[in-house]
2 protein chains.
Amino acid sequence: MKALFLSADHFEDTELLVPYYRLKEAGVDVDIASMRPGKLTGKHGYEVEASKSFDEVKAEEYGLLVLPGGGAPAAVRKEPAALAIARAFFADGKPVAAICHGPQILISADLIKGRHATCYSSVSSELKDAGAVYEDREVVVDGNLVSARSPADLPAFLREMMKRVPA
Amino acid sequence: MKALFLSADHFEDTELLVPYYRLKEAGVDVDIASMRPGKLTGKHGYEVEASKSFDEVKAEEYGLLVLPGGGAPAAVRKEPAALAIARAFFADGKPVAAICHGPQILISADLIKGRHATCYSSVSSELKDAGAVYEDREVVVDGNLVSARSPADLPAFLREMMKRVPA
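So, a few notes on the structure that sits alongside this text. Keep in mind the model is a prediction, meaning the values are calculated, not measured.

With that settled, the discussion passes to the overall build of chain A. Scanning chain A for helices and strands turns up six helices and 11 strands. For chain A, the C-alpha radius of gyration of 14 Å lies close to 15 Å, the compact-globule estimate for 167 residues. Taken along the three principal axes of its C-alpha coordinates, chain A extends 35 × 35 × 30 Å. A total of 167 residues make up chain A; the buried ones form 53% of that total. For chain A, the share of sequence-separated contacts (at least 6 apart) that also reach a separation of at least 24 residues comes to 63%.

Here it is as structure tokens:
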């Protein structure tokens, strides 16, 4: 089982790093994809390495998709190859865990209509406009989709995300 | 079961926040103690709230002690009340998880002599001078003591730390 993160510069550091280390703790291989391979820098200055571009990703190799927040999703949502990855996960019913601004990627991929979800408060309007059933709770689970609002929700987000990782 | 962190300003953000969220994920109550109650700011700008001073801590209320790194341990190690907390955990054989510069607190508390341990590379000399058996590995376990070197070791550190948390 491998997990895939979609991100870019200006990621919210803990929203990427906490799930990343949590999955590694559980022995899960993690890849980070971005516009191009190489170093990504978070809002708080942490650096991570993207191992591949969105174009290079084979979605079928992964069992979990993680969409951290921060400023990164505003850039990622403009990338057709990133949206295609998200659509492939939904088409196969595979788990997708999105936090904070992460659901913006699902909005642009037109995957959120009719789904119960949450997100960062400032994103809630566009989430509702996209047809989602917005809920102001620490974590919302709807089928394959796990969503949370902010770093303070990470414990609940991790708990639901890890239920979807095969032991 | 409750866990206690000893820290101060200039903590290494991920070394505090990643174990903190991990314990909360598992339903563990976590307190952070410092010189005085109030806001602590990490090297990367994250803020956490210390709920009590070292003086106010009753070590017998806690089942796990976590010592994150960064610049904080250099200040914490000068506080006799913090050293007394560490000694109480060792006296009762309760688990202590220290990462990076965190073991400096154990050096000042005179708790490291003869113990197998690791730490941030620049701390290794004083760890050895204090009588520890230094090992350059991602995580070292010796009885109640779990130690690791740096943020990159967090997955292994969490894995061993969580084994010592009652389910």
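Okay, the sheet that holds strand S11 (residues 145-148) of chain A next. Strands in a sheet are paired, the pairing made by backbone hydrogen bonds, and the direction either parallel or antiparallel. All names here are of chain A. Within the open sheet, the seven strands sit side by side as S5-S2-S1-S6-S7-S11-S10. Their pairing is mixed. Across the chains shown, the open sheet's two edge strands, defined by having one partner strand only, are strand S5 (52-53) and strand S10 (139-142). Looking at chain direction, strand S2 (residues 29-34) and S5 are connected through two bridges and run parallel. Note on S5: the bridge partner recorded for Ser34 is Ser53. Packing against the sheet, helix H3 (residues 80-91) makes contact with strand S1 (2-6), strand S6 (64-67) and strand S7 (96-99), and its axis sits at approximately 130° to S7.

Before going further, it helps to spend a moment on the pairing of strand S4 (residues 47-50) of chain B. All names here are of chain B. With four bridges connecting them, strand S3 (residues 38-41) and S4 associate as antiparallel partners. Residue pairing in the sheet places Gly38 in a bridge with Ala50 of S4. Between S3 and the antiparallel strand that follows it, S4, lie five residues; Gly45 among them carries a positive phi value of about 95°.

To continue, consider the relation of the copies chain B and chain A. For the pair chain B and chain A, the best superposition has an RMSD of 0.0 Å and corresponds to a rotation of 180° with a translation of 0.0 Å parallel to the axis. The operation mapping one copy onto its partner corresponds to a two-fold rotation axis. Both copies contact each other with a shared surface, as 100% of the interface residues of chain B are interface residues in chain A too.

It is worth spelling out the environment of B:Ala75 at this point. When you line up the elements, B:Ala75 lands in helix H2 (residues 72-76). Along the sequence, B:Ala75 and B:Ser34 sit 41 residues apart, while their C-alpha atoms lie 9.7 Å from each other.

A few words on the interface of chain B and chain A. The interface is formed by 15 residues belonging to chain B together with 15 residues belonging to chain A. Only helix H1 (13-25) and helix H6 (154-163) of chain B provide two or more residues apiece to the side of chain B that touches chain A. The residue inventory of the side of chain B that touches chain A, partitioned by class, reads seven nonpolar, three polar and five charged.

Turning next to helix H1 (residues 13-25) of chain A. Residues and elements named next belong to chain A. Between the first and last C-alpha of H1 there are 18 Å, a value that for 13 residues agrees with the 18 Å anticipated at 1.5 Å per step. Most of H1 is tucked away: 12 of the 13 residues are buried. If you check which residues of H1 are buried, you get Asp13, Thr14, Glu15, Leu16, Leu17, Val18, Pro19, Tyr20, Tyr21, Arg22, Leu23 and Glu25. Of the residues flanking the end of H1, it is Gly27, one or two places downstream, whose phi is positive at about 80°.

For H6(B), the complete set of buried residues consists of B:Leu154, B:Pro155, B:Ala156, B:Phe157, B:Leu158 and B:Met161. Buried-residue contacts for H6(B) involve H1 of chain A together with H1, strand S7 (96-99), strand S10 (139-142) and strand S11 (145-148) of chain B.

This part takes up the nonpolar core. By size, the foremost hydrophobic cluster in this structure holds 120 residues, and its most contacted members are A:Ala86, A:Phe157, B:Ala86 and B:Phe157. In contact with A:Ala86, other than residues within four places in its own chain, are A:Leu65, A:Val96, A:Ile105, A:Leu106, A:Ala109 and A:Leu111.

We now examine the packing of H1(B) against H6(B). All names here are of chain B. Relative orientation of the contacting elements H1 and H6 amounts to 40°, with a least axis distance of 11 Å. One finds that H1 runs oblique with respect to H6. Here the hand of the crossing between H1 and H6 comes out right-handed. Here Thr14, Val18, Pro19 and Arg22 of H1 lie close against H6, whose contacting residues are Leu154, Leu158, Met161 and Met162. Among the residues making up the contact of H1 with H6, the classes are represented as six nonpolar, one polar and one charged.

Definitions and limits used
Residues numbered from 1 in each chain as written. Chains lettered and ligands numbered in written order. Predicted model: local features only at pLDDT ≥ 70, side-chain atom pairs only at ≥ 80, totals over all residues. Helix = DSSP H or I, 4+ residues; strand = E, 2+ residues; numbered from the N terminus. Rg over C-alpha atoms; globule rule 2.2 N^0.38 Å. Buried ≥ 20, exposed ≤ 12 C-beta atoms within 10 Å, placed from the backbone. Contact = placed C-beta atoms within 7 Å. Pairing = 2+ DSSP bridges. Axes fitted to C-alpha atoms, helices over the stretch in contact; angles between N-to-C directions. Least-squares fit on C-alpha atoms with pLDDT ≥ 70 in both. Nonpolar A, V, L, I, M, F, W, Y, C, P; charged D, E, K, R; others polar. Expected span 1.5 Å × (residues − 1). Core = buried A, V, L, I, M, F, W, Y, C linked by C-beta atoms within 7 Å. Parallel < 35°, antiparallel > 145°, perpendicular 65-115°, else oblique. Left-handed = near helix turned anticlockwise from the far one by under 90°.

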